[in-house]
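The residues making up each chain are set out below.
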Amino acid sequence: MNQATDDNPATVPTTAKQAGEVRARWAWAEPSVWTDRMLTALEQGVKGGIWFSLIDKVYAPANLFASYAKVAANGGASGVDHVTVEDFTKQLARNLEKLAAHLKDGIYRPQQVRRVNIPKPGTKETRPLGIPTVRDRVVQGALRHVLEPIFERQFAQHSYGFRPGRGCKDALRRVDKLLKQGCHYVVDVDLKSYFDTIPHDKLLDEVRKYVGDGRVLALIEAFLKAEILDGLRHWTPESGAPQGAVLSPLLSNLYLNELDHHMARSGYEMTRYADDLVIQCRTREEAERALALVQAWTAQAGLTLHPTKTKIVDAETDGFDFLGYRFVKHRRFPRRKSLAKFRDAIRAKTRRTAGRSLNMIVTDVNRTLRGWFEYFKHSNRSTFPGLDAWIRMRLRSILRKWQGRSGRGRGADHHRWPNAYFTKQGLFNLTTTHDLVSQSCRR
C-alpha cells in the first residue's frame, strides 16, 4: 500500500466524514448506545418515525455503567431500601450484572419512591420531591440515554429546560430580545402542580408516537406508577412524573412539546423552561387570544392553569417574573423570592456566633456572592450597592461582637472598619464587579 505524501494526501472516506459530522452534532448522546449508524438513522428518519428494538440498548452493560457513573457523580440520598451510592458501589459489578439480567428477563420492577417535602426558595411553602432508590436511578438513567436523542429531535427551538446545550440564560436572552422588539404584553402562565398532574395515559400516548418497543413502554409505565412512600402513607399514583426522578424532566418536556409547536404554528412567541413559560405579544388583544389558546390546550391535556397566577401583564407598567428575574420595561432585577433566598444564604454564613476567623467567613461568603452574581449580573445596577452595604453591615456586626459590643454594625463602625477594610480582606464586591463587566461589554 502506498503511503500518503504531501503531494498525494490520503483521502478521508465520505462515509467517515459524514459519521464524524453527525457525531459532532450529537456529541452529548451516550456513545455506548448511540452509534454513528443510529445517529444517521435518527437524522434521516426511521420508518414511520417510530423506534423499535430498544430494550437491549437499555440493559447493555456499558450503558448501565455509564448511567451509574452519572448517578455516583450526582450523589443524592438513599431511597426506601436505605442503600446509598457508596453501598451500591461496593458491589458494583454484581449490582449492574443483576440489573442487566432482570431487565433482559423482563422481571425488573421499580421499588417504592420515597417522598420528602422540601422548602420552596423564598417562601414558606414546600414542594414534593421523589427519591427513587439508587438501583432505580441507574435504570432510569440508562433508559434516558436511549430515549433522549429520539425525543430531543422533536423538541421546539423555544424550549430550554433540561435540554443538552441549553439553559436558563438562553431563555432569558430570548425574553429580553422580544421585549426590546416591542413584545411587552406578556401571558404569564402558571401550570398548577404540573409535575404531579400529568395524566399517565396521555403521556404514554405521546411516548408511543416515537417508541414502539413494548418492553420499553412497559418500563416507563412501571416507573410512572411506582408506589409512593410518604412517611407512613403509601399509594400508587394515577398521574404525575415526580420531580427527583431521572426520567421526569425528559417526560415532562415531551408532554408539553405539542403545546410548544401548537403556539409556534399559531404565530405566538412563547419561551418555556420546563413548566415555566411566558408568551410575549405586541398587543393586549393578541395576548388575550394566546391565553385563550393555552386555556383550551391545557383543558384537553388534563392540566390546570393556576387561577390567579396565570395572567396577562404589561411589562412596561406591571412587570413579570421569569426564572428568578423580575422584568420591568427593558430592565431586569432579581425577583423578590430570589433576593430573599440570597439574604438567607448570607445570614447563615454571617452569624455573630459563627466562631470562625474573618478570613474564613469572607472566603465562605465569597463563594455565594460569585455564584449569585454569575447568574444575576444582568440585573440593573441599582440592585447591587444596597446588597453590598448590607453584607458589610453583617460583617461589622460580627466584628462588634468580638469587641464585646452588642447590636449590628452602625454609626462609628463605618469609621472603625471602612469599606476599604473589607476590600483588603478580599470581600467580593457586587457593584464593582458589575461595573467592570458592563465596561467590558461596552468595549
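Residues numbered from 1 in each chain as written. Predicted model: local features only at pLDDT ≥ 70, side-chain atom pairs only at ≥ 80, totals over all residues. Heavy atoms only, no water.

Okay, the packing of aromatic side chains next. The full count for this structure, using the stated rule, is 20 aromatic pairs. With centroids separated by 5.2 Å and ring planes inclined at 70°, the aromatic side chains of Trp34 and Trp51 adopt a geometry described as edge-to-face. A residue pair is termed long-range when its members are at least 10 positions apart, and Trp34 in the loop between α1 (14–25) and α2 (36–44) and Trp51 in the loop between α2 and α3 (55–58) qualify at 17 residues. Judged by relative accessible area, which is 0%, Trp34 ranks as buried. Here Tyr194 and Phe195 contribute two aromatic rings whose centre-to-centre distance is 5.5 Å and whose plane-to-plane angle is 65°, an arrangement assigned as edge-to-face. (Phe/Tyr/Trp six-rings, centres within 6.5 Å; stacked < 30°, edge-to-face > 60°. Helix = DSSP H or I, 4+ residues; strand = E, 2+ residues; numbered from the N terminus. Buried < 20%, exposed > 50% of the residue type's maximum accessible area, 1.4 Å probe, protein only.)

So, about the sheet that holds strand β1 (residues 113–119). On the basis of which strands lie adjacent, the open sheet formed by four strands has the order β2-β1-β4-β5 and mixed pairing. Both outer strands of the open sheet, β2 (126–131) and β5 (233–235), are each paired with one neighbouring strand and no more. Strand-to-strand, the axes of this sheet are offset by a mean angle of 30°, without reference to chain direction. Pairing analysis gives six bridges linking β1 to β2, with the strands arranged antiparallel. Note that in β2 the partner of Ile118 across the bridge is Arg127. (Pairing = 2+ DSSP bridges. Axes fitted to C-alpha atoms, helices over the stretch in contact; angles between N-to-C directions.)

Another point: empty space enclosed by the protein. Applying the stated criterion across every chain yields a total of one cavity of 30 Å³ or more. Approximately 120 Å³ is the volume found for the largest cavity. Together, 18 residues line the largest cavity, and Gln140, Phe223, Leu224, Pro242 and Ala245 are the ones closest to its centre. Sorting the residues of the lining of the largest cavity by element identifies β2, α7 (134–152), α11 (214–224) and α12 (248–265) as the ones contributing at least two each. When residues in the lining of the largest cavity are grouped by element, the largest group, three residues, is from α11. Class assignment for the residues of the lining of the largest cavity results in 13 nonpolar, four polar and one charged. (1 Å grid on protein atoms, 1.4 Å probe; cavity = no way out; pocket = protein on both sides within 12 Å on 5 of 7 lines; lining within 4 Å. Points joined across faces, edges and corners; volume = space filled by probe spheres on them. Nonpolar A, V, L, I, M, F, W, Y, C, P; charged D, E, K, R; others polar.)

Of the volumes computed, that of the second largest pocket is approximately 510 Å³. What lines the second largest pocket is a set of 23 residues, and nearest its centre among them are Lys70, Val71, Asn74, Arg144 and Val246. Every element with two or more residues in the lining of the second largest pocket is listed here: α4 (61–74), β2 and α7. The greatest single-element share of the lining of the second largest pocket, amounting to six residues, is contributed by α7. Here the lining of the second largest pocket is built from residues that sort into ten nonpolar, eight polar and five charged.

Here α4 contains 14 residues, and its C-alpha end-to-end distance of 20 Å stays within 8% of the 20 Å for a straight helix at 1.5 Å per residue. Of all the positions in α4, only Asn63, Leu64, Ala66, Ser67, Tyr68 and Val71 are classed as buried. Looking at the buried positions of α4, the neighbouring elements they touch are α3, α5 (85–90), α6 (92–105) and α7. Just downstream of α4, Gly75 is the residue with a positive phi angle, here 65°. (Expected span 1.5 Å × (residues − 1). Contact = heavy atoms within 4.5 Å.)

The next point concerns the pairing of strand β3 (residues 185–190). By the criterion of burial, β3 is predominantly enclosed, with five of the six residues buried. Inspection of the sheet shows β3 paired to strand β7 (residues 276–281) by six bridges, in the antiparallel sense. Bridging across to β7, Val189 finds its partner in Leu277. Inspection of the sheet shows β3 paired to strand β8 (residues 311–314) by four bridges, in the antiparallel sense.

This brings us to the side chain of Glu206. With respect to the secondary-structure elements, Glu206 resides in helix α10 (residues 200–208). Judged by its relative accessible area of 14%, Glu206 is buried. Apart from the residues lying within four places of it in its own chain, the contact partners of Glu206 are Leu254 and Tyr255.

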